[in-house]
Amino acid sequence: MITVEEYQERVLGQVEPLAPRRVPVAEAHGLRLAQDVTAVLAVPPFDNSAMDGFAVRAADLAGAAEDSPVALPVDGDVPAGTTEPTPVGAGRAVRIMTGAPLPPGADAVVPVELSDQPPGATALPDRVLLRRAPAPGAHVRRRGEDVRPGDVVLGAGTVLAATHLSAAVSAGHGELDVHPRPRVGVLATGDELCPPGTDPGPGRIPDSNSLLVAGLVREAGGQPVPLGSVGDDPEALRGVVEAALPGLDALVTSGGVSVGTKDVVKAALTDELDFTTVAMQPGKPQGFGLLGGRVPVFALPGNPVSVMVSFHVHVAPALRRLLGQPARVPLATARAAVGWRCPPGRRQYLPVLVDDGPVPSVRPATAGGSGSHLVASLAAAQALAVVAEDVDAVAPGDKVGLLRWS
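Since the structure is predicted, the reported quantities are computational estimates derived from the model, not experimental observations. (Residues numbered from 1 in each chain as written. Predicted model: local features only at pLDDT ≥ 70, side-chain atom pairs only at ≥ 80, totals over all residues. Heavy atoms only, no water.)

Right, let's talk about the overall build of the chain for a bit. A tally of regular secondary structure across the chain gives 6 helices and 28 strands. Relative to the compact-globule value of 22 Å for 406 residues, the chain shows a C-alpha radius of gyration of 31 Å, a clear excess of over 25%. Judged by the C-alpha coordinates and their principal axes, the chain covers about 95 × 50 × 40 Å. Counting only residues that meet the buried cut, the chain has 46% of its 406 residues in that class. (Helix = DSSP H or I, 4+ residues; strand = E, 2+ residues; numbered from the N terminus. Rg over C-alpha atoms; globule rule 2.2 N^0.38 Å. Buried < 20%, exposed > 50% of the residue type's maximum accessible area, 1.4 Å probe, protein only.)

This paragraph deals with helix 6 (residues 304-322). Taken as a whole, helix 6 carries its principal kink of about 45° at Phe311. Here helix 6 lies mainly inside the structure; 18 of its 19 residues are buried. Looking one or two places after helix 6, you find Gly324, whose phi comes out positive at around 80°. (Bend = angle between axes of the 7 residues up to and from the residue.)

Another aspect to go through is the sheet that holds strand 18 (residues 274-277). Read across the sheet, 6 strands follow the order 16-13-17-21-20-18 without closing on themselves; strand pairing throughout is mixed. Two strands lie at the open edges of the sheet, namely strand 16 (223-230) and strand 18, each paired on one side alone. The sheet shows a mean angle of 20° between the axes of neighbouring strands, taken without regard to direction. In this structure, strand 13 (residues 183-189) lies alongside strand 17 (residues 250-254), joined through 5 bridges in parallel fashion. If you follow Gly185 over to strand 17, its bridge partner there is Leu251. (Pairing = 2+ DSSP bridges. Axes fitted to C-alpha atoms, helices over the stretch in contact; angles between N-to-C directions.)

In this fold, Gln348 is placed in strand 24 (residues 347-355). In this structure the side chain of Gln348 is engaged in a polar contact, spanning 3.3 Å, whose partner is the backbone oxygen of Arg341. (Polar contact = N/O pair within 3.5 Å; in protein donor to acceptor, adjacent residues only side chain to side chain.)

Moving on, we come to the packing of aromatic side chains. Per the counting criterion, the structure on display carries 1 aromatic pair. Taking the centre distance of 5.1 Å and the plane angle of 50° together, the rings of Phe288 and Phe298 count as tilted. With Phe288 in strand 20 (residues 285-291) and Phe298 in strand 21 (residues 295-300), this pair connects stretches of sequence that are 10 residues apart. (Phe/Tyr/Trp six-rings, centres within 6.5 Å; stacked < 30°, edge-to-face > 60°.)

Turning our eyes to something else, we now look at the packing of helix 1 (residues 4-12) against helix 6. Between helix 1 and helix 6, the least distance of the axes is 10 Å, while the angle of their chain directions is 35°. Relative to helix 6, helix 1 is oriented so that their crossing is right-handed. Contacts from Val4, Tyr7, Gln8, Val11 and Leu12 in helix 1 reach Val313, His314, Pro317, Ala318 and Arg321 in helix 6. Partitioning the contact of helix 1 with helix 6 into residue classes produces 7 nonpolar, 2 polar and 1 charged. (Left-handed = near helix turned anticlockwise from the far one by under 90°. Contact = heavy atoms within 4.5 Å. Nonpolar A, V, L, I, M, F, W, Y, C, P; charged D, E, K, R; others polar.)

Right, let's get into the pairing of strand 9 (residues 127-130). Covered by surrounding structure in strand 9 are Val128 and Leu130 only, the residues Arg127 and Leu129 on the alternate face being uncovered. The sheet contact formed by strand 6 (residues 70-78) and strand 9 spans 4 bridges and is antiparallel. Its bridge partner lying in strand 9, Pro73 is registered against Arg127.

We now examine the environment of Leu124. Summarising the element assignment, Leu124 is placed in the loop between strand 8 (108-111) and strand 9. Separated by 44 residues in sequence, Leu124 and Ala168 have C-alpha atoms that sit 37 Å apart.

Pairing is mixed across the open sheet formed by 5 strands, whose spatial order is 8-5-7-6-9. The two strands at the open ends of the sheet, each matched to only one other strand, are strand 8 and strand 9. Averaged over neighbouring strand pairs, the angle between their axes works out to 45° when direction is ignored.

Structure (structure tokens):
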């Protein structure tokens, strides 16, 4: 039996970030930039109005005030999207919308609220009374005042949120170089499995692991590739894996890795994967290796709580590395709200409920503690309490590690 750290090092030592890929901006959300994004366009791309109102020459309104407005003839409209705006001559005005290009000759905008015109969709007036003397540049957004061509808009390593994508598009980009979302095969094993929503009958159980792992992969930033389930037939399992392998960046199996007489994953892939026991509870039996010299395969135990724990402890860090992100996430600290027993000699990962505060407090999510079969109660868990191998029991108020998955 090896420690959790030894097994994690074994796994992460064989996982490298996926090669960068150029993808449409719309597909880059949540991915990590592989290189800097520099502006192709200025932002704003042209001088434009920051208000609905009237484009003017500021000098023509010297002395304008509430009690002495200045009247100017109105020569036309400049709506947003105009490519050839009506010029503003001396002593004249043009009605303008927010975002529309500043007409030639104009150097300021007077908001409609400072005129005798009502806001909204109205007929173009022949003239307008303006009650404010604007300074040159008033309510004008200048070309490039936010970003100029060649400026770095986003740095390599940025994990792209919605605001980042908007910035990239505004700066002229339709595609970005990113570390792509890993395509992760999801395969459950066991003769006992039956499809969701069917009557299992004697000796059989619903296949909850396929949906569990697929959801965890998606939450970790990967793209799940459902491969269904296979029975306890090594040749059938090898056939499914070999057919799927060319389209995968990783593979997660559940079940068939312990010491039973029909441990199908161990039987089918014993030459390719390294099967071992890890000093953790639940999730002691584990298997890992590279198939085809490139695809990391995580062979997890079959009990759903073991699957969930093993995923967060071993698979999620590897997926983060494939995504080009830091693999390890530091544990938080919490205090136990109640006491519980711990397995001797193994690190405990206990599904818990969390009461947040300056120091969060935790309590077991189920009366059964960390039993690996308690799948129906798993939905209540919000995090994992992590208890060291040399601790036999946790008392109320004791500090424990806290592994959150959101």
